[in-house]
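So you can see what is in the structure, the chains are spelled out below.
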Amino acid sequence: MGYATWREPFVRVVPFAGRYSPKPHDVIVGIVQDVQKTFWLLDIDASRWAPLHTSGTPWEPGPGELDEFLRVGDAVLVAVENLDATGKIGVTMKGEGLGKLSGGTLAGVSPAKIPRVIGKGGSMIHTITQLTGTQVAVGQNGRIWVDGNPDGILRVRECLRIIETEGQRSGLTERIEGFLRSTGPTDDTGPHPPRPESVDRRGPDRFEDDPSGPDDSPSIPSDESHEGEGPWET
Amino acid sequence: MGNVGAKEIPELLNAEGRRIDGRKLDELRSITMKVGPLTRADGSAFVEWGENKVMAAVYGPREVHPRHLMQTSKAIIQCRYNMAAFSVDERKRPGQDRRSQEISKVITEAFESVVFTEEFPKTSIDIYIEVLQANAGTRCAGLVAASLALADAGIPMADLVSAVAVGKVAGRIALDLKKEEDNFGEADLPMALVPQSGRLVLIQMEGHLNRDELRQALDLGTKGCREIYDRMREALRAKYDTPTSAVSAGVPA
């Protein structure tokens, strides 16, 4: 089930639904499923688990020390680095805004709805974070990390539900804004200072003198392809 | 022992050529299909076909468990057909038995011939078919439901697979047998078809048919499969055709 395009003698169908299919430079939210000697395996809601090698992180754990940095069940914000012919998905944590996600909670929508969650030029996600006083990281794989006050998190979840079920209707951003303004103490002026730096780029032992600091590491091209928005909105 | 416990054989075909439930020989039972009733599955479908009620759920492509089944060049398809304990008159002993293993196997093989498994190496596509209520033809209903669920899951396939059973009832070839016809008829022949190419991907038979009858049965079954295929396409469209939606589903004109 999808949209078909013809180029004789082939037909290409882009499915409406389905699992996340990775593209290079996508920023995604993964959950650690397994810790090996030199890499972690992340569940990214794609067809395969993706290995995150220590070389793709700001840390330098010795063999067997990986679980001091990330354990099974931890959530991380990573970027797709390469895809090979066997379907292996390489991801990296080096890049702006990427790292371990501490605190907060995970929500999700179908990967096909992610452009709606971000909105044109980030308008949707901007509206949501502004009016709920939350911090949100949107993964292209449909996983969305939300942190903030509990009420705000619940309202973000409700917004995501609306986007998931009514995403195809026009005027969605206005409708979401209306919903947020009608429910509850909105926080334009809110008493919720955004939490400082919830993304923990540090392991237990941060290498302060790391010459290739995280920020000048091979940077992930900013998400131009995703409507000009970075993964972050505060 | 004689006829201890044997039920009276009902009149399967009356003088006007009507069957036990009033259908003509080439008529299907009423069918309703719903795509996407389950939210946790990647794709799902519910099919009510006469008195059959069948739910199918599809997960994947995803990691293979157990891992030794993994194939490096393509996805594997794992199908489990299961009948609920309450799906038949007498309680069915729950769990896999020889019959459900066989049905799971033939359905798996039917889908292996249409799904583009090479696109997802080292993964598994898992299909679960649960028969909630049974009244003959559950493997066909299950196959149709699984087919819809695969499409709902966005899994690339050459075509939907359509299925129907044909049989011989009171000496005549009839489409889509119901329970009494299956039990007291002379033959039952479930078949699955890839409608675009006309390829048969499942065919089984119980009972006896001569060569002419078999040919007649296959023709009738093919016709039935195509009818069901149209209903399947409608059901898939219906999921995306909400009245408020400006986006129309399916293939652009």
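Predicted, not measured: the structure shown is a model, and the values here were computed from it. (Residues numbered from 1 in each chain as written. Chains lettered and ligands numbered in written order. Predicted model: local features only at pLDDT ≥ 70, side-chain atom pairs only at ≥ 80, totals over all residues.)

### A look at the overall build of chain A
For clarity, the threshold we go by: Only DSSP runs of H or I reaching four residues or more are called helices, and only runs of E reaching two or more are called strands; each is numbered from the N terminus. Between the buried cut of 20 or more and the exposed cut of 12 or fewer other C-beta atoms within 10 Å of a residue's own C-beta lies the partly exposed class, and all C-beta atoms are placed from the backbone. Once C-beta atoms have been placed from the backbone, residue pairs whose C-beta atoms lie within 7 Å are recorded as contacts.
Counting its regular elements, chain A contains four helices and 13 strands. Among the 234 residues that make up chain A, the fraction classed as buried is 37%. Restricting to contacts in chain A with at least 6 residues of sequence separation, those with at least 24 account for 67%.

### Overview of the overall build of chain B
The test is simple: For the radius of gyration, the atoms used are the C-alpha atoms, and the globule rule reads 2.2 Å times the number of residues raised to 0.38.
Within chain B, the secondary structure is distributed over four helices and 10 strands. Going from the N terminus to the C terminus, chain B shows its helices and strands as β-β-β-β-α-β-α-β-β-α-β-β-β-α. Taking 18 Å as the expected radius of gyration for a compact globule of 253 residues, we find that chain B reaches 19 Å, a close match to that expectation. The principal-axis extents of the C-alpha atoms in chain B amount to approximately 55 × 45 × 35 Å. Within chain B, buried positions represent 43% of all 253 residues. Considering only intrachain contacts with a sequence separation of at least 6, the fraction spanning at least 24 residues in chain B is 69%.

### Some words on the confidence of the model for chain A
To keep things clear, this is the line we draw: Confidence of the predictor at the level of single residues is captured by pLDDT, which takes values from 0 to 100.
Here chain A averages 79 in pLDDT, and 78% of its residues register 70 or above. The model gives residues 200-230 of chain A a pLDDT under 50, and that stretch makes 45 contacts with residues more than four places away or in other chains.

### Let's talk about the sheet that holds strand β5 (residues 124-133) of chain B
Sheet strands line up and pair through hydrogen bonds in the backbone, either parallel or antiparallel. Residue and element names in this part refer to chain B. Threshold: What makes two strands pair is DSSP finding at least two bridges between them. Under this scheme, a helix contributes an axis fitted over its contacting stretch, all axes are lines through C-alpha atoms, and angles between N-to-C directions fall in the 0 to 180 degree range.
Pairing within the open sheet is mixed, and its five strands lie in the order β1-β2-β3-β5-β4. Every other strand in the sheet has two partners, leaving β1 (31-35) and β4 (76-83) as the edge strands with one partner each. Here the average twist between neighbouring strands, direction ignored, is 15°. Bridging between strand β3 (residues 52-62) and β5 involves eight bridges; their strand directions are antiparallel. From the neighbouring strand, M55 faces β5, where its bridge partner is E130.

### Focus: the pairing of strand β7 (residues 172-175) of chain B
Residue and element names in this part refer to chain B. The sheet contact formed by strand β6 (residues 162-169) and β7 spans four bridges and is antiparallel. The residue bridging V166 from the neighbouring strand is L175, located in β7. The turn linking β6 back onto β7 is made up of two residues, and A170 within it adopts a positive phi angle of 50°.

### Here we look at the interface of chain B and chain A
Selection criterion: Throughout this entry, Asp, Glu, Lys and Arg are counted as charged residues, while Ala, Val, Leu, Ile, Met, Phe, Trp, Tyr, Cys and Pro are counted as nonpolar. The remaining residues, Gly among them, count as polar.
Taken together, the 24 residues of chain B in the interface contact 17 residues of chain A. Mapped onto the side of chain B that touches chain A, the elements with two or more residues apiece are β3, α2 (138-152) and α4 (211-240) of chain B. Among the elements that line the side of chain B that touches chain A, the one with the most residues is β3(B), at three residues. Residues of the side of chain B that touches chain A, tallied by class, amount to 13 nonpolar, six polar and five charged.

### Comments concerning the nonpolar core
Let me state the cut-off plainly: As used here, a nonpolar core is made of buried Ala, Val, Leu, Ile, Met, Phe, Trp, Tyr and Cys residues. They are joined through C-beta atoms within 7 Å.
The biggest cluster of nonpolar side chains holds 72 residues, and the ones touching the most others in it are B:A56, B:A145 and B:L148. Among the elements that make up this core, the one with the highest residue count is α2(B) (10 residues). Formed by 47 residues, the second largest nonpolar core is a distinct cluster that contains A:I125, A:I128, A:I144 and A:I176.

### What to know about helix α2 (residues 123-132) of chain A
Residues A:M124, A:I125, A:I128, A:T129, A:L131 and A:T132 constitute the buried set of α2(A). The positive-phi residue at the C-terminal boundary of α2(A) is A:G133, with phi of around 65°.

### Quick look at helix α3 (residues 150-166) of chain A
The cut-off we apply is this: A helix's residues, less one, multiplied by 1.5 Å, set its expected span.
In this model, α3(A) (17 residues) spans 24 Å end to end at C-alpha, consistent with the 24 Å of a helix rising 1.5 Å per residue. Its buried side turned inward, α3(A) meets β9 (105-108), α1 (114-118), α2, β10 (135-138), β11 (143-147) and α4 (172-182) of chain A.

### Here we look at the packing of α2(B) against α4(B)
All names here are of chain B. As a reminder, the rule being used: Helix crossings get a hand from a simple test, with the near helix turned counterclockwise from the far one by less than a right angle marking a left-handed crossing and a clockwise turn marking a right-handed one.
Remark: α2 packs on α4, axes separated minimally by 11 Å, with the N-to-C direction vectors making an angle of 35°. α4 is crossed by α2, and the crossing has right-handed handedness. Contacts between α2 and α4 involve V144, S147, L148 and A151 from the first element and I228, M232, A235 and L236 from the second. Its residues placed into classes, the contact of α2 with α4 shows seven nonpolar, one polar and no charged.

### Focus: the environment of B:S162
Residue and element names in this part refer to chain B. Its location among the elements puts S162 in strand β6. The exposure class assigned to S162 is buried, which follows from the 26 C-beta atoms found within 10 Å. Separated by 31 residues in the primary sequence, S162 and V131 have C-alpha atoms spaced 17 Å apart. S162 has contacts with V144, A192, L193, P195, C225, I228, Y229 and M232, leaving out every residue within four places of it along the chain.

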